[in-house]
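Here are the chains, one letter per residue:
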Amino acid sequence: MKWYRKLHWQIILGMILGLVYGIAAAQFQWTGFATNWVVPFGDIFMNLLKLIAVPLVLTSLVAGVASLSDFKKLSRMGSKTIGLYIATTAVAVTIGLLVVNTLQPGAKLAELDDTQEELKADYKSKAESKEETAKIIDERGPLQPLIDMVPDNFFGSASSNSNMLQLVFVSLLIGIALVQVSDEHRKPVLSLFEGMQAVVIKLVNIIMLMAPIGVFALITKTITTLAVGEGGEANLGQIGTVLGALSYYCIAVIIGLLLHTTIVYLGLLKLFTPLKISQFFKAIAPAQLLAFSTSSSGATLPVTMRQCKEKLGASKETTSFVLPLGATINMDGTALYQAVAAVFIAQAYSIPLDLGAQITIILTAVMASIGTAAVPGAGIIMLVIILEAINVPTAGIALILGVDRILDMLRTATNVTGDAAVCAIIAHSEKQLHPPSE
Ligand code: ASP
């Protein structure tokens, strides 16, 4: 296949063209045309992606849990898998915090007078409404988050993308019940869910065909919004400083992801499996590349499963339970990114974060990454939960939206690497890892 036919190159091209066109539109006053005729394609692309989040989580998780036929094994493998997923995610967030607090990528933005004034004014009004929210939260009981996780109506929980944790809970419950009914009942329901999962994944592939145009439009939108100040005046000088700070922020995320991959995954694989590092990476490289170019661990799931089964030698039983669960709840890259982004925004607003706030970030980022759907751009939406918890204005998300796509590609590749690493470890612990000889 020619290089320009490959999706990830087309997406990168879309980003570059969006950047160039956005700057030109701001400079030559074409923003009216861009807003009316270009930006809507970005919105359509985002809507399509959000549209598939609910069916993707529901089908992959039910099918994944229900494919394990023995309940005892399900609980043993379930606790091992979930424990490892949560532990690696907490470590990822901690690495993210260490990197962002050391590099301070948001400090430059705090020096920018205009941005600072705008952010501060916004912060004041936000802070007032936050106080009210905080009051409401204070009045809630300690077990309220647990109650919130359990929906009283299935369609209610499936009716909004913000109820992902409820949906994960319902899907696990359906999967567990499915394991316990007779084969006669289990098989048709399971194959229905597996069939639906295949359809949803096909849908992801179809939607991703629009990705280059969608990304072009989204980048155009960000650049024109950023570049045009009040009264429609282009403010390209400001873009320079903002882009500089944003690059530094991207570098912080990338360093964090690299550290996590090398220290945590490679360390765990060396300690707990007989796999050689080169063997692991060679086996899962196609999944990593697909994750990079689709920014969706959900869309990558079929390839991750195939590679882990055929090239790493993990059993079907392990891959079909550990990987769909991982694609939904294990997002180390996302959690690390969310921690860096939250602190970066706080730095831009000059809001100091004490130890308590940093611990809050660890807890909420682990929760938020669990609730993040395995689709492009979901991580930045869940960032709201963390920002609210540490009282940083959620409007700050606008700052990092422009570079989110590229970071999404990188964090998704990390997410998928984490799922595959845990899959190999669990498979080996169950004596179900038989790597093919090279
Ligand atoms: N795109 C990521 C994934 O699918 C989620 C995120 O937005 O961080 O793994």
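Going by the structure above, here's the rest.
## Brief notes about the nonpolar core
Part 1: Tyr249, Tyr337, Ile345, Ile361, Leu383, Val392 and Ile400 are the most contacted members of the largest nonpolar core, which totals 115 residues.
Part 2: Here this core takes 13 residues from helix α12 (residues 236-272), the largest share from any one element.

## Overview of the side chain of threonine 364
Part 1: You can see threonine 364 is positioned in helix α17 (residues 355-371).
Part 2: The exposure class assigned to threonine 364 is buried, which follows from its relative accessible area of 15%.
Part 3: There is a polar contact of 2.6 Å between the side chain of threonine 364 and the backbone oxygen of threonine 360.
Part 4: Engagement of the side chain of threonine 364 in a polar contact is seen with the backbone oxygen of isoleucine 361, the distance being 3.4 Å.
Part 5: When near neighbours in sequence (up to four residues on either side) are disregarded, threonine 364 contacts Ile386 and Ala389.

## Quick word on the site of the ligand
Part 1: Near the ligand you find 16 residues, and of these Ser297, Thr334, Gly379, Asp408 and Arg411 are the closest.
Part 2: One of the backbone N or O atoms of glycine 379 is found 2.7 Å from an oxygen atom in the ligand.
Part 3: Between the ligand and the protein, one listed contact pairs a nitrogen atom with a side-chain N or O atom of aspartate 408 at 2.7 Å.
Part 4: Across the complex, the protein chains shield 100% of the 270 Å² of accessible surface that the ligand would expose by itself.
Part 5: If you list the elements that add at least two residues to the shell around the ligand, you get α18 (378-389) and α20 (404-429).
Part 6: It is α20 that provides the largest number of residues to the shell around the ligand, a total of 4 residues.
Part 7: Classifying every residue of the shell around the ligand gives 6 nonpolar, 8 polar and 2 charged.

## Overview of a nonpolar patch on the surface
Part 1: A cluster of nonpolar side chains, Tyr248, Ile251, Ile255, Leu259 and Ile263, forms an exposed patch at the surface whose accessible area comes to about 410 Å².
Part 2: With respect to the helices and strands, the residue isoleucine 255 is situated in helix α12.

## Regarding the environment of aspartate 404
Part 1: Its location among the elements puts aspartate 404 in helix α20.
Part 2: By relative accessible area, aspartate 404 is classed as buried at 6%.
Part 3: When the C-alpha atoms of aspartate 404 and glycine 377 are compared, they prove to be 7.4 Å apart, with 27 residues separating the residues in sequence.
Part 4: A polar contact is formed between the side chain of aspartate 404 and the side chain of arginine 411, at a distance of 3.1 Å.

## Things to note about the environment of threonine 372
Part 1: Residue position: threonine 372 is located in the loop between α17 and α18.
Part 2: With 10 residues separating them along the chain, threonine 372 and methionine 382 place their C-alpha atoms 6.2 Å apart.
Part 3: Setting aside residues up to four positions removed in sequence, threonine 372 forms contacts with Thr328, Met331, Thr334, Gln338, Ala378, Gly379 and Met382.

## Some thoughts on the side chain of glutamine 347
Part 1: Relative to the helices and strands, glutamine 347 resides in helix α16 (residues 332-348).
Part 2: Once residues lying within four places of it in the same chain are set aside, the contact partners of glutamine 347 are Val100, Gln104, Pro105, Gly106, Ala107 and Ala110.

## Structural notes on unusual backbone geometry
Part 1: Even without being glycine, glutamine 104 reaches a positive phi, approximately 50°.
Part 2: Counting through the fold element by element, glutamine 104 comes out in the loop between α4 (71-103) and α5 (107-110).
Part 3: Look at glutamine 104 and you get partly exposed, because its relative accessible area is 36%.
Part 4: Its identity is not glycine, yet serine 350 carries a phi of approximately 55°, on the positive side.
Part 5: Tracing the chain through its elements places serine 350 in the loop between α16 and α17.

## Re the packing of aromatic side chains
Part 1: Applying the stated criterion across every chain, the model contains 6 aromatic pairs.
Part 2: Here tyrosine 249 and phenylalanine 344 contribute two aromatic rings whose centre-to-centre distance is 4.5 Å and whose plane-to-plane angle is 25°, an arrangement assigned as stacked. A residue pair is termed long-range when its members are at least 10 positions apart, and tyrosine 249 in helix α12 and phenylalanine 344 in helix α16 qualify at 95 residues. Pair check on accessibility: tyrosine 249 and phenylalanine 344 agree, each one buried.
Part 3: An aromatic cluster is present here, built from Tyr21, Phe28, Trp30 and Phe216 joined pairwise through their rings.
Part 4: Seen from the ring of tyrosine 337, arginine 411 lies directly overhead, with NZ or CZ sitting 3.9 Å from the centre.

## A short note on helix α10 (residues 183-208)
Part 1: Taking 1.5 Å per residue, 26 residues should reach 38 Å; α10 reaches 37 Å between its end C-alpha atoms and fits that length.
Part 2: Where α10 is concerned, the buried positions are Arg186, Leu190, Phe193, Gln197, Val200, Ile201, Val204, Ile207 and Met208.

## What about the packing of helix α13 (residues 277-294) against α20?
Angle between the axes and distance between the axes: these two values describe a pair of packed helices.
Part 1: Closest axis-to-axis distance for the α13/α20 pair is 8 Å, and the angle between their directions is 145°. Considering only the axes of α13 and α20, their crossing is right-handed. Between α13 and α20, the contacting residues are Phe280, Phe281, Ile284, Ala287, Gln288, Ala291, Phe292, Ser293 and Thr294 on the first element and Arg405, Met409, Leu410, Thr412, Ala413, Val416, Thr417, Ala420 and Ala421 on the second.
Part 2: Looking at side-chain class alone, the contact of α13 with α20 contains 12 nonpolar, 5 polar and 1 charged residues.

The rules behind each value
Every chain is numbered independently, its residues counted from 1 as its sequence is written. Only residues with pLDDT of 70 or above have their local features reported here, since the model is predicted, and side-chain atom pairs are shown and tallied only from 80 upward, although totals for entire chains, interfaces and linings are computed over all residues. For side-chain calculations, the full set of non-hydrogen atoms in the structure is used, while hydrogens and water are omitted. Grouping buried Ala, Val, Leu, Ile, Met, Phe, Trp, Tyr and Cys residues that are joined through side-chain atoms within 4.5 Å yields what is termed a nonpolar core. Buried means the residue's accessible area, taken with a 1.4 Å probe over protein chains only, is under 20% of the maximum for its type, while exposed means over 50%, and partly exposed covers the values in between. Secondary structure is summarised from DSSP: a helix means a run of H or I of at least four residues, a strand means a run of E of at least two, and numbering begins at the N terminus for each. N or O atoms closer than or at 3.5 Å make up a polar contact, with two conditions inside protein: a donor-capable atom paired with an acceptor-capable one, and, for residues adjacent in sequence, both atoms drawn from side chains. Any two residues whose heavy atoms approach within 4.5 Å at even a single point are treated as in contact. Throughout, the term near means that a residue has one or more heavy atoms lying within 4 Å of the molecule or strand in question. Here, Shrake-Rupley sampling with a 1.4 Å probe gives the accessible areas, and only protein chains in the shown set may cover a residue. All residues other than Ala, Val, Leu, Ile, Met, Phe, Trp, Tyr, Cys, Pro, Asp, Glu, Lys and Arg, Gly among them, are scored as polar; the first ten of these are nonpolar and the last four charged. Like-charged residues within 9 Å of one another, or nonpolar side chains (Val, Leu, Ile, Met, Phe, Trp, Tyr) within 5 Å, are grouped into patches, provided each residue has over 30% relative accessible area and no salt bridge. By salt bridge we mean one thing: a side-chain nitrogen of Lys or Arg within 4 Å of a carboxyl oxygen of Asp or Glu. Pairs were defined over the aromatic rings of Phe, Tyr and Trp, the Trp ring being its six-membered one, requiring ring centres within 6.5 Å. Orientation was assigned from the angle between planes: stacked under 30 degrees, edge-to-face over 60, tilted for the rest. The rule for a charge over a ring is simple: NZ of Lys or CZ of Arg within 6 Å of the ring centre, and within 35 degrees of the ring normal. In this scheme, a helix's expected span is set at 1.5 Å multiplied by one less than its residue total. An axis is simply a line fitted to the C-alpha atoms; with a helix, the fit covers only the stretch in contact. Between two such axes, the angle follows the N-to-C directions and lies from 0 to 180 degrees. Here a crossing is called left-handed whenever its near helix is offset anticlockwise from the far helix by less than a right angle, and right-handed whenever the offset is clockwise.

Worth remembering: the numbers are spatial, not functional.
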